[in-house]
Amino acid sequence: MKESNNTVVFTGAGMDTESNIPDFRGKDGWWRKIDPKSVATIDSFHSNYEVFREFYSTRLKLLKNVKPHKGHYILADFEKRGIIKSIATQNVSGLHSSAGNQKLYELHGNINVIKCENCNAKGTLKDFLDGKSCSVCKKEELRPAVVLFGEQLPKDAWDLAYDSIKQSELLLVIGTSLEVYPVNQLPKLSKGKVVLINNEDLGLDSDFDMKIIGKAKAVLEQLDSLI
Ligand code: APR
């Protein structure tokens, strides 16, 4: 990290579990209990709005008393000190921005932003949680601005993440199973070294120059003390 002039970080839900946000495919992950097709696809939004709204309301309520952990703050400090250039994240919690990271590319959107699927007007968290309709077009189509399965990723976040990872001399891949396309293709783009930091070994040995198997917060604390 000291020698690299261009270190980029790529995070997944494993970066947030130590802030008590469940991941998706880990042992207590969301998709161990719920079929994502029933709640996290654009079809489920249209065919089963109440179930969709219930699922995202549960996740939003969970976020109410959640805050970044030491690992998030270390990554924000690394950006301030020029040790990392940017973070591309799959996480929709907003914890990286709460911790202070500016160069942040939210590839799957942000769950705290509510919009109307019908007219794209902004909605309020309260209206969504209360099951209200859109205040502009009156349709019952409020939703979090997250990327549902089957939807396009936000172009600007994708382009920025793509360019920053492509130019990286070192890419730290933290807390992701790399199961979801197309973001799971990003680590292969780096022209430099790719390091996995994960609490389980994903295999994929040819994709990584080094694997640090451990919890994100502890590994980042060790990195911080070493640097
Ligand atoms: N430290 C390190 N790794 C962790 C920790 C932790 N504290 N907690 C969990 N992990 C690991 C898990 O073992 C798993 O390998 O992080 C990985 C999380 O993988 P997923 O749950 O699949 O999350 P992610 O890769 O971010 O999922 C990608 O799937 O459902 C969609 O849109 C959703 O953005 C999400 C996408």
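Shown above is the structure to which this text applies.
Heads up: these notes are all about the structure in this document. (Residues numbered from 1 in each chain as written. Predicted model: local features only at pLDDT ≥ 70, side-chain atom pairs only at ≥ 80, totals over all residues. Heavy atoms only, no water.)

1. Quick look at unusual backbone geometry
Peptide bonds are trans in most cases, and residues, glycine excluded, mostly fall at negative phi.
Argument step 1. With omega at 0°, the peptide bond leading from Y181 into P182 counts as cis.
Argument step 2. Its place among the elements puts P182 in the loop between β7 (170-174) and β8 (193-198).
Argument step 3. Located in the positive-phi region is K138, a residue other than glycine, with phi close to 65°.
Argument step 4. Secondary-structure assignment places K138 in the loop between α7 (125-129) and β6 (142-146). (Helix = DSSP H or I, 4+ residues; strand = E, 2+ residues; numbered from the N terminus.)

2. What about the site of the ligand?
Argument step 1. Surrounding the ligand, one finds 24 residues, the nearest of these being R25, T176, S177, N199 and E200.
Argument step 2. T176 is positioned such that a nitrogen or oxygen atom in its side chain is 2.7 Å from an oxygen atom of the ligand.
Argument step 3. Between the ligand and N199 there is a distance of 2.6 Å, counted from an oxygen atom to a side-chain nitrogen or oxygen.
Argument step 4. Here the ligand, which alone exposes 730 Å², has 95% of that area covered by the protein.
Argument step 5. Grouping the amino acids of the shell around the ligand by side-chain chemistry returns seven nonpolar, 12 polar and five charged. (Near = heavy atom within 4 Å. Polar contact = N/O pair within 3.5 Å; in protein donor to acceptor, adjacent residues only side chain to side chain. Areas by Shrake-Rupley, 256 points an atom, 1.4 Å probe, with all protein chains shown as cover. Nonpolar A, V, L, I, M, F, W, Y, C, P; charged D, E, K, R; others polar.)

3. Quick look at the packing of aromatic side chains
Argument step 1. This model, assessed by the stated rule, comprises 10 aromatic pairs.
Argument step 2. Here the aromatic rings of F24 and W31 are separated by 5.3 Å at their centres, their planes lie at 35°, and the arrangement is tilted.
Argument step 3. For the pair W158 and Y162, a centre-to-centre distance of 6.2 Å together with 45° between the ring planes defines the contact as tilted. Here W158 and its partner Y162 are both found in helix α8 (residues 155-167), four residues apart, which amounts to about one turn of the helix.
Argument step 4. An aromatic cluster of three or more residues is present, and its members are F24, W30, W31, F45, Y49, F52, F55, Y56 and F149.
Argument step 5. The ring of W30 carries the charged tip of K33 above its face, separated from the ring centre by 5.6 Å. (Phe/Tyr/Trp six-rings, centres within 6.5 Å; stacked < 30°, edge-to-face > 60°. Lys NZ or Arg CZ within 6 Å of the ring centre and 35° of its normal.)

4. Some details on the packing of helix α5 (residues 70-80) against helix α9 (residues 216-226)
Argument step 1. Contact pair α5 / α9: the axes reach a minimum separation of 8 Å and the direction vectors enclose 40°. By the angle between their axes, α5 is oblique relative to α9. The crossing of α5 and α9 is left-handed. Residue-level inspection shows K70, G71, I74, L75, D77 and F78 of α5 in contact with α9, the latter providing K217, L220, E221, L223 and D224.
Argument step 2. Classifying every residue of the contact of α5 with α9 by side-chain character gives five nonpolar, one polar and five charged. (Axes fitted to C-alpha atoms, helices over the stretch in contact; angles between N-to-C directions. Parallel < 35°, antiparallel > 145°, perpendicular 65-115°, else oblique. Left-handed = near helix turned anticlockwise from the far one by under 90°. Contact = heavy atoms within 4.5 Å.)

5. Focus on the pairing of β6
Argument step 1. Of all the five residues making up β6, four are buried; the element is thus mostly covered by neighbouring parts of the structure.
Argument step 2. Both strand β4 (residues 109-116) and β6 contribute to a ladder of five bridges, which runs antiparallel. Paired with K115 across the bridge in β6 is R143. (Buried < 20%, exposed > 50% of the residue type's maximum accessible area, 1.4 Å probe, protein only. Pairing = 2+ DSSP bridges.)

6. A word on the pairing of strand β1 (residues 7-11)
Remark: a regular strand shows side chains that alternate across the two faces of the sheet.
Argument step 1. Where burial is concerned, most of β1 is hidden: five out of the five residues are buried.
Argument step 2. What you see with β1 is no split at all: T7, V9 and T11 on one side and V8 and F10 on the other are buried throughout.
Argument step 3. Judged from the four bridges that link them, β1 and strand β2 (residues 86-89) form a sheet pairing that is parallel. For V8, the partnering residue across the bridge sits in β2 and is S86.

7. Thoughts on the sheet that holds β8
Argument step 1. Spatially, β3-β2-β1-β7-β8-β9 is the arrangement adopted by the six strands of the open sheet, whose pairing is parallel. Across the chains shown, the open sheet's two edge strands, defined by having one partner strand only, are β3 (104-106) and β9 (210-213). The average angle at which neighbouring strand axes cross in this sheet is 15°, direction not considered.
Argument step 2. By the bridge criterion, five bridges tie β1 to β7 in an arrangement that is parallel. Across the sheet, residue T7 finds its bridge partner in β7, namely L170.

The quantities given are spatial measurements derived from coordinates; they are silent on function.
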